[in-house]
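Examination of the molecular architecture
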Amino acid sequence: MTLLAPLDFAATKALFHLPEGVIYLDGNSLGPLPRATPARVADCVQAEWGDMLIGGWNKAGWMDQPARLGARIARLIGAEPEAVVLGDTLSIKIYQALAAALQLNPTRRVILSDSGNFPSDLYMAEGLVKMLGQGYSLRIVAPDDIADALDENVAVMMLTQVDYRTGRLHDMADLTRHAHQKGALTLWDLAHSAGALPIDLSGCGVDFAAGCTYKYLNGGPGAPAFIYVAPRHAAHVAPALSGWLGHAAPFDFSPTYQPGQGVSRLRVGTPAVLQMAALEAALDIWDRVDIAALRAASITLSEMFLTGVQDLCPELRLASPRAAAHRGSQVSFHHPQGYAIMQALIAKGVIGDFRAPDILRFGFTPLYIGADEVRGAVDILAQIMGDRSWDRPQFHRRAAVT
Ligand SMILES: *Cc1c(COP(=O)(O)O)cnc(C)c1O
């Protein structure tokens, strides 16, 4: 898909609903609501579900939605348009990709990952290893030790490109090349990359990738995940979760499983139509975003925040790489009272988040954050650190979601 006339970031802010008085630096965790989404979802509910009833599967194209949206996401991640499909959650897609990669590299038994990976990815690998038995294992090393840990036992290198806590960015091209030289396949988690920075899955020769659409991509809470399988592998994948919608002919209702064409075999069950309608509205914006320009703007904003905080809040210790080229689109700081500081910030309208044990995390999303918001956030953070207003009892009480 080619880029439609690119949008200017000064204008895109008007395309999102942001509550009055809020500086939203958490679009890396849950992207805000595009203004067009409520009407698109209402239309899907009323005109499609309401009026078409079961006919919506054909007439409104619900059945093809996972592939159609996949082709639109493909442009954002440097993928072949037919190699991406939507559905389920990222944890499920990681499991499917990992199982497929192990099966394609059958003489090896090790899944290699790093300690910066998101726990759910590691848990899914752990569960798969337990279920497979047969000597499979998960090896976790420090992020900087991945290249050295690639040996002749590694079947799959499974990494999240941007560390969810620190924002550290792995070199996808270099590590993928390295893994291939050692005979390993690659699985990249793009949770904090898609919609944040340029990605070239096809150019890097990546084997498998997956990501979510509710973070930078603004699909809304519970939005479906996406999965990528390199076209050279797709026809050889034997799906571990062989659901009927990954079947070659679901409506033949055959009692035996026949995998569908290409990546469509990694569909499982009925798609989340309403969630996909919400995502469609967000992709109407993303279709017009120049990712290289987005990355440049995100670096400008992150640098501004980082230097501002370093100047005014010496108690906060940088947790992210100092060089912009080694960071995703977030900046994080350590502080032993990080949780309370973040609560005090949120009470003043600056929304970031906290990640245990001591990380304050701020995401920079040029579609709706500009220099004024960054300056405002730095000022408020400096004020809270200066007057220690974070040290009030109400800011120390922990909620379930941080
Ligand atoms: C957010 C995130 C997930 C979440 O997975 P879900 O199944 O969608 O809840 C998984 N992996 C990474 C790296 C993430 O950042």
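Note that the structure is predicted; figures quoted are calculated from it, not measured.

What to know about the overall build of the chain
If you tally the helices and strands in the chain, you get 14 helices and 15 strands. For 402 residues, the compact-globule formula gives about 21 Å, and the C-alpha radius of gyration of the chain, at 22 Å, lands near that figure. Each principal axis of the C-alpha atoms in the chain carries an extent, and together these give about 70 × 55 × 40 Å. In the chain, which comprises 402 residues, the proportion classed as buried is 55%. Of the contacts formed within the chain by residues at least 6 apart in sequence, a portion of 72% connects residues at least 24 apart. Placing the 33 positive and 39 negative side-chain charges of the chain at their respective mean positions leaves the two points 3 Å apart.

Side note on the domain arrangement of the chain
Split into domains, the chain comes out as domain 1 (9-30 + 290-395) and domain 2 (39-286). Its C-alpha centre places domain 1 at a distance of 29 Å from the equivalent point of domain 2. The interface of domain 1 with domain 2 comprises 28 residues on the first partner and 22 residues on the second. Where domain 1 packs against domain 2, one counts eight residue pairs in polar contact (both at pLDDT 80 or more). If you list the elements that add at least two residues to the side of domain 1 that touches domain 2, you get α12 (291-312), β12 (330-334) and β15 (359-363). For the side of domain 1 that touches domain 2, the element with the highest residue contribution is α12, accounting for four residues.

A word on the site of the ligand
Taken together, the neighbourhood of the ligand is formed by Thr89, Leu90, Ser91, Phe118, Asp121, Thr160, Asp189, Ala191, His192, Tyr214 and Lys215. Side-chain polar atom of Thr89 to an oxygen atom of the ligand: 3.2 Å apart, as the coordinates give it. In the model, an oxygen atom of the ligand is placed 3.4 Å from a nitrogen or oxygen of the Leu90 main chain.

Some thoughts on a nonpolar patch on the surface
A grouping of Trp244, Phe251 and Phe253 is seen on the molecular surface, where their side chains present a nonpolar patch of about 380 Å² in accessible area. Inspection of the secondary structure puts Phe253 in the loop between α10 (231-234) and α11 (273-286).

Remarks on helix α14 (residues 371-387)
Given a rise of 1.5 Å per residue, 17 residues ought to cover 24 Å, and the 25 Å separating the end C-alpha atoms of α14 matches this to within 8%. For α14, every residue scored as buried is listed here: Glu373, Val374, Gly376, Ala377, Val378, Ile380, Leu381, Ala382, Ile384 and Met385. Packing partners of the buried residues in α14 comprise β2 (23-24), α12, α13 (338-347), β13 (350-351) and β15. Looking at the residues trailing α14, positive phi occurs at Arg388, about 50°.

Observations regarding the packing of helix α5 (residues 90-104) against helix α6 (residues 119-132)
Where α5 contacts α6, the two axes come as close as 9 Å, and the packing angle between them is 45°. By the angle between their axes, α5 is oblique relative to α6. As α5 packs across α6, the resulting crossing turns out to be right-handed. Packed against α5, whose contacting residues are Ser91, Ile92, Ile94, Tyr95, Leu98, Ala99 and Leu102, the element α6 presents Ser120, Asp121, Met124, Ala125, Leu128, Met131 and Leu132 at the interface. Class assignment of the residues belonging to the contact of α5 with α6 gives a composition of 11 nonpolar, two polar and one charged.

What about the sheet that holds β12?
Judged by pairing direction, the sheet is antiparallel, and its four strands sit side by side in the order β11-β12-β15-β14 without closing on themselves. What marks the edges here is a single partner per strand, and that holds for β11 (317-318) and β14 (353-355). In the sheet, β11 pairs with β12 via two bridges, with the strands oriented antiparallel. Bridging across to β12, Arg317 finds its partner in His334.

Basis of the calculations
Residues numbered from 1 in each chain as written. Predicted model: local features only at pLDDT ≥ 70, side-chain atom pairs only at ≥ 80, totals over all residues. Heavy atoms only, no water. Helix = DSSP H or I, 4+ residues; strand = E, 2+ residues; numbered from the N terminus. Rg over C-alpha atoms; globule rule 2.2 N^0.38 Å. Buried < 20%, exposed > 50% of the residue type's maximum accessible area, 1.4 Å probe, protein only. Contact = heavy atoms within 4.5 Å. Lys, Arg positive; Asp, Glu negative; His and termini not counted. Charge placed at Lys NZ, Arg CZ, Asp CG, Glu CD. Domains from an automatic or database assignment. Polar contact = N/O pair within 3.5 Å; in protein donor to acceptor, adjacent residues only side chain to side chain. Near = heavy atom within 4 Å. Patch = residues over 30% accessible without salt bridge, like charges linked within 9 Å, V, L, I, M, F, W, Y side chains within 5 Å. Areas by Shrake-Rupley, 256 points an atom, 1.4 Å probe, with all protein chains shown as cover. Salt bridge = Lys/Arg side-chain N within 4 Å of Asp/Glu carboxyl O. Expected span 1.5 Å × (residues − 1). Axes fitted to C-alpha atoms, helices over the stretch in contact; angles between N-to-C directions. Parallel < 35°, antiparallel > 145°, perpendicular 65-115°, else oblique. Left-handed = near helix turned anticlockwise from the far one by under 90°. Nonpolar A, V, L, I, M, F, W, Y, C, P; charged D, E, K, R; others polar. Pairing = 2+ DSSP bridges.

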